[in-house]
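Working through the structure, step by step
Each chain is listed here by its residues.
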Amino acid sequence: MDDDIELVRIPAGSVSLHDARQRRRYSVELESFEIARFAVTEAQLASMLGITAEHPRRPAVDLSWQRAVRLCNAVSEWEGLDSAYTFDGEVVTWHVDSDGYRLPTEAEWEYACRAGSTGPHYGLLSDVAWTAADGVRTPQDVGGKMPNLFGLFDTLGNVWEWCWDLLDPARYGEYRVFRGGGFEDDHWSVRASVRRGGAPRMHHSDLGIRLARGGFDPAPEVQGWSEAADRERAMIDGPLPSGWTPRGR
């Protein structure tokens, strides 16, 4: 691509996550991985598609999760790397030993966002994130606010970012997680721990992606994600709670 992906090496470490429905907190140990300093920009996407970007430095948005994982493979192919994903219709398989581009796991994303911080933000929100308080009506150019201590920009605010993980398969079926908050969101939605999600083909004007890389030895759990855990989380025993609308897998 004409506008290369700038990656940052994130050291190994641990992150504490929260499952609100199951009312539990748990710690995830992470191996070192790489993640992009910025969200994918319009210029980078335009370079892949052979078109002209209207706003080159703005994050690329209106990308569904299904399109995002295909874009990861396209960037890998462009750089001569093995693809991280294969497809069987709508079913996507992550080959965890591939060193190609991919979406971060939810644990990787939160660990990279926090950069050692334990509060809801890694700095004063007005300094680090574009939110509703700024009164802007579109995504802003990447890198316009202060970075976190890993040197990553806009992990909070500006645009939400897709992750690999399922949101809550028992309640939401195939919905995938996105994180970080967007330019239209109030401060309570722009926190390192806030989880949102949507259907794999959903897209929105404040939802983009940040690419990651890093291959790992196959194991029951990789970077906080486990296929077996997804199956277990999808099981529902007894009557459904009021208001639930679970979707078939």
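In the block above lies the structure referred to throughout.
For the structure given in this document, a descriptive report is provided here. (Residues numbered from 1 in each chain as written. Predicted model: local features only at pLDDT ≥ 70, side-chain atom pairs only at ≥ 80, totals over all residues. Heavy atoms only, no water.)

1. Some thoughts on the pattern of salt bridges
Definition in use: Salt bridges are counted wherever a side-chain nitrogen of Lys or Arg sits within 4 Å of a carboxyl oxygen of Asp or Glu. Secondary structure counts use DSSP, requiring at least four H or I residues in a row for a helix and at least two E residues in a row for a strand, with both numbered from the N terminus. Think of it in three bands: residues with accessible area under 20% of the maximum for their type are buried, residues over 50% are exposed, and the middle band is partly exposed, with areas taken using a 1.4 Å probe on protein chains only.
With the rule as written, the count across this model stands at 13 salt bridges. With a shortest N-O distance of 3.3 Å, Asp-134 and Lys-145 are connected by a salt bridge. Taken together, the positions of Asp-134 in the loop between α4 (125-128) and β7 (160-166) and Lys-145 in the loop between α4 and β7 put the pair 11 residues apart, joining distant regions of the chain. Classification of Asp-134 as partly exposed rests on a relative accessible area of 31%. Among the residues examined, Lys-145 registers a relative accessible area of 12% and is labelled buried. Between Asp-230 and Arg-233 there is a salt bridge, and its shortest N-O distance comes to 3.1 Å. Of this pair, Asp-230 and Arg-233 both sit in helix α6 (residues 227-234), 3 residues apart, roughly one helical turn.

2. Comments concerning the side chain of Lys-145
We apply this condition: Under the rule applied, a polar contact is a pair of N or O atoms within 3.5 Å (in protein, one hydrogen donor and one hydrogen acceptor; residues adjacent in sequence only if both atoms are side-chain atoms). Only heavy atoms enter the contact rule, under which two residues are in contact if any of them lie within 4.5 Å.
Looking at Lys-145, its side chain comes within polar contact range of the main-chain oxygen of Ser-126, at 2.7 Å. In terms of polar contacts, Lys-145 uses its side chain to reach the side chain of Asp-134, at 3.3 Å. In this structure, Lys-145 is in contact with Ser-126, Asp-127, Val-128, Ala-129, Trp-130, Asp-134 and Phe-153, ignoring residues within four places of it in sequence.

3. Brief notes about unusual backbone geometry
The residue Asn-158 is not glycine, and still its phi comes out positive at about 70 degrees. By the secondary structure assignment, Asn-158 is in the loop between α4 and β7. Exposure remark for Asn-158: the relative accessible area of 0% places this residue in the buried category. For Gln-223, which is not a glycine, the phi torsion comes out positive at approximately 50 degrees. As for its placement among the helices and strands, Gln-223 is situated in the loop between β11 (212-213) and α6.

4. Concerning the sheet that holds strand β1 (residues 7-10)
Paired through backbone hydrogen bonds, the strands of a sheet run either parallel or antiparallel to each other. Rules: A strand pair is defined by DSSP finding two or more bridges across the two strands.
Pairing within the open sheet is antiparallel, and its 3 strands lie in the order β1-β4-β11. A strand with exactly one partner marks an edge of an open sheet, and here the two such strands are β1 and β11. As judged from the 2 bridges shared by strand β4 (residues 33-36) and β11, these two strands associate in the antiparallel manner. From the neighbouring strand, Ile-35 faces β11, where its bridge partner is Ala-212.

5. Some words on helix α1 (residues 42-49)
Extensive coverage of α1 is indicated by the burial of 6 of its 8 residues. Taken residue by residue, α1 has Ala-43, Gln-44, Leu-45, Ala-46, Ser-47 and Met-48 as its buried positions. Where α1 is buried, its residues meet α2 (65-78). Two residues or fewer after α1 comes Gly-50, characterised by a positive phi angle close to 70 degrees.

6. Examining the side chain of Asp-230
Overall, Asp-230 belongs to the buried group, its relative accessible area being 8%. When neighbours within four sequence positions are excluded, Asp-230 is seen to be in contact with Leu-166, Pro-169 and Trp-225.

7. A look at the layout of surface pockets
Note the threshold: In the cavity and pocket records, a cavity denotes points on a 1 Å grid over the protein atoms alone where a 1.4 Å probe fits but cannot get out, a pocket denotes an open set with protein on both sides within 12 Å along at least 5 of 7 lines, and lining residues are residues with an atom within 4 Å of a point. Grid points are joined across faces, edges and corners, and a volume is the space filled by probe spheres set on the points. Residues are grouped as follows: nonpolar covers Ala, Val, Leu, Ile, Met, Phe, Trp, Tyr, Cys and Pro; charged covers Asp, Glu, Lys and Arg; every other residue, Gly included, is treated as polar.
Space inside the largest pocket adds up to approximately 1,000 Å³. In terms of lining, the largest pocket is formed by 39 residues, of which the most central are His-18, Asp-19, Tyr-26, Glu-106 and Arg-195. Sorting the residues of the lining of the largest pocket by element identifies β2 (13-19), β3 (24-30), α3 (106-114), β7, α5 (169-172) and α6 as the ones contributing at least two each. A per-element tally of the lining of the largest pocket places β2 first, with 6 residues. Residues that form the lining of the largest pocket fall into these classes: 13 nonpolar, 10 polar and 16 charged.

8. Some remarks on the packing of α1 against α2
Heads up, the condition is: In this analysis an axis means a line fitted to C-alpha atoms, helices contributing only their contacting stretch, and an angle means the value between N-to-C directions, from 0 to 180 degrees. Angles below 35 degrees are treated as roughly parallel, those above 145 as roughly antiparallel, those between 65 and 115 as roughly perpendicular, and all remaining angles as oblique. Here a crossing is called left-handed whenever its near helix is offset anticlockwise from the far helix by less than a right angle, and right-handed whenever the offset is clockwise.
Packing of α1 against α2 brings their axes to within 11 Å, and their N-to-C directions diverge by 70 degrees. In terms of orientation, α1 lies roughly perpendicular with respect to α2. By crossing handedness, the relation of α1 to α2 is classed as left-handed. Residues Leu-45, Ser-47, Met-48 and Leu-49 of α1 touch α2, and the partners they reach there are Arg-67, Leu-71, Ala-74, Val-75 and Trp-78. Each residue belonging to the contact of α1 with α2 can be placed in one class, and the counts come to 7 nonpolar, 1 polar and 1 charged.

Distances and angles like these do not, on their own, reveal function.
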